[in-house]
Amino acid sequence: MLEPAYQADVVIVGAGVAGLSAAHRLTSQGVTVAVLEAAPCVGGRMSTDKVDGFRLDRIGQLLSTAYPELRLAPGLDGLVLRPFAPGVLLHGDGRHHRVDAPAGARSARGALHAVRALASAPRGMPGPRLVTASRRAASRRATFRVLPGAGQGTVSRAARAAAPLGGAVDQARLGAALTRFSTVPVERLLARPELPAGQSLAARGLPARTIEGFLRPLLAALLCDPALTTSSRCADLALRAFAGGRLCVPEGGAEALPELLAQTLPTGTVHTGVRVTSVSTTSVTTAEHGEIRCRAVLLATDARVAAELLPGLRVPDFHPVTVVHHTTDEPPRTGAALLLDADRGGPVAHTAVISDVDPSRAPSGRALISSTVLGSPPSDLETAVRTHLGRLYGTPTHRWETLAVHHTREAVPAMPAPHDLRRPVRLLAGLYVCGDHRDTSTIQGALHSAHRATTAILKDLGASGSMHRADPAPTAQAA
């Protein structure tokens, strides 16, 4: 139990990745911190269920090795990332087409070779894979570990003209555009005119076939927004991360990231099962332990809870996400690829044999296929998803076992244009807020908002160490 007299320099409300990352930055500067979490465990929306030896993410947002905060955030040195096969695998016109992001390419000719679609083989046929030397070097330079995914299957080179990207000239234009995205400074992207992402794609000069067959399904997967109403600036940031890195997931499930952050904080920092009922600039009131005095309060909850504690904060709309997990002992032969539907012929936006990406997510001898449905799911979800997956993978799915169906109505905060990517994190001196709803709706955005908030807190506190060294420490941790 927390002692009522316990004081800290900063009380952080919420133990998701933003709150835990903020706690790391503050404690590293000698600031005493108490993190209060209403749930019985840390992580917030980055949660993973364990079922019969499987690890099943409830939302499963995609990460990128190009996210700067994965390298900059303290406490993540031990994070293990499992990358998907390079680029993505598109299903279009009844065939599979591999598209690789041209990291490091410096010309349209080089980009053409890097992004060329390997298309038109029968679905699931193995073949060569594309991995650029510059990407391998970038992976070696990363401070976190990127482990190769198992079984990175691909498809053959025949009949490229039928690919969703169009012909060689169209592919070269796409390659050059992705190369520019990978190198353009973020400040320049954020200074561009802002439109809904779907409208801005048409203004880029790329062929409609390339937009509809590749960019639209890719951005829908990255932004969890099938209608592409998201701000074009946010979409540009997503394309920049795709072009400059590798899509990946944390080894062991999404919960591995917040759990690592929590485990590497000083003992007694995080208190679960503590519900905060009100906040001020100098204290928080909890249902279980009364008032806790402090010098500053940082709200690191989701947007809705933050608005309940601070009426007047805007609650954004949200993108609902449904994740369907199947298992089989005869997995599709797509390896560690992220598979997108270029035809948009069913409810599944993207799917993967996730146990080929991260073998720790399934017991030996079993495959885990995780599929994401964006927007409101159909009433016949199970049947519709199985039918769609059968077409996407080119294999019967009637014998696949359904492990779980996770529907999260408020999964990802919407970022419609115009969107302020740097919403204020300092509300008053002593009262701050962070989370993906203050930045971009990604793990990068959550971590970056925590970075901005802690910078403001440290500046306002104006102290390099604790101001409460004489105060008593708590006698025991909350349950």
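Above this note sits the structure.
Residues numbered from 1 in each chain as written. Predicted model: local features only at pLDDT ≥ 70, side-chain atom pairs only at ≥ 80, totals over all residues. Heavy atoms only, no water.

S.K.: What is the right way to read the packing of aromatic side chains from this model?
M.R.: When we look at a pair of aromatic rings, we describe it by the centre distance and by the angle of the planes. Considering all chains together, one arrives at 2 aromatic pairs under this definition. Arranged with centres 6.3 Å apart and planes meeting at 55°, the rings of F214 and F242 form a pair that is tilted. Here F214 is found in helix α8 (residues 208–223), whereas its partner F242 is found in helix α9 (residues 232–244), with 28 residues between them in sequence. Neither F214 nor F242 differs from the other in exposure class; each is buried. (Phe/Tyr/Trp six-rings, centres within 6.5 Å; stacked < 30°, edge-to-face > 60°. Helix = DSSP H or I, 4+ residues; strand = E, 2+ residues; numbered from the N terminus. Buried < 20%, exposed > 50% of the residue type's maximum accessible area, 1.4 Å probe, protein only.)

S.K.: Quick question: what am I supposed to make of the pairing of strand β7 (residues 88–92) here?
M.R.: In the case of a regular strand, side chains alternate between the two sheet surfaces. Of all 5 residues in β7, 5 are buried; the element is thus mostly enclosed. Because side chains alternate across β7, one face comprises the buried residues V88, L90 and G92, and the other comprises L89 and H91, equally buried. Bridging between β7 and strand β8 (residues 95–99) involves 5 bridges; their strand directions are antiparallel. Across the sheet, H91 pairs through a bridge with H96, a residue of β8. As consecutive antiparallel partners, β7 and β8 are separated by 2 residues, and within that stretch D93 has a phi angle of approximately 55°, a positive value. In terms of strand pairing, β7 meets strand β17 (residues 339–341) through 3 bridges, oriented parallel. Its bridge partner lying in β17, H91 is registered against D341. (Pairing = 2+ DSSP bridges.)

S.K.: In this structure, what is going on with the side chain of H326? I would like to understand it.
M.R.: Relative to the assigned elements, H326 resides in strand β16 (residues 318–328). Residue H326 is classed as buried on the basis of its relative accessible area of 0%. A distance of 3.4 Å separates the side chain of H326 from the side chain of T402, its partner in a polar contact. With residues up to four places along the chain from it excluded, the contact list for H326 reads A367, L368, I369, E382, V385, R386, L389, W400, E401, T402 and L403. (Polar contact = N/O pair within 3.5 Å; in protein donor to acceptor, adjacent residues only side chain to side chain. Contact = heavy atoms within 4.5 Å.)

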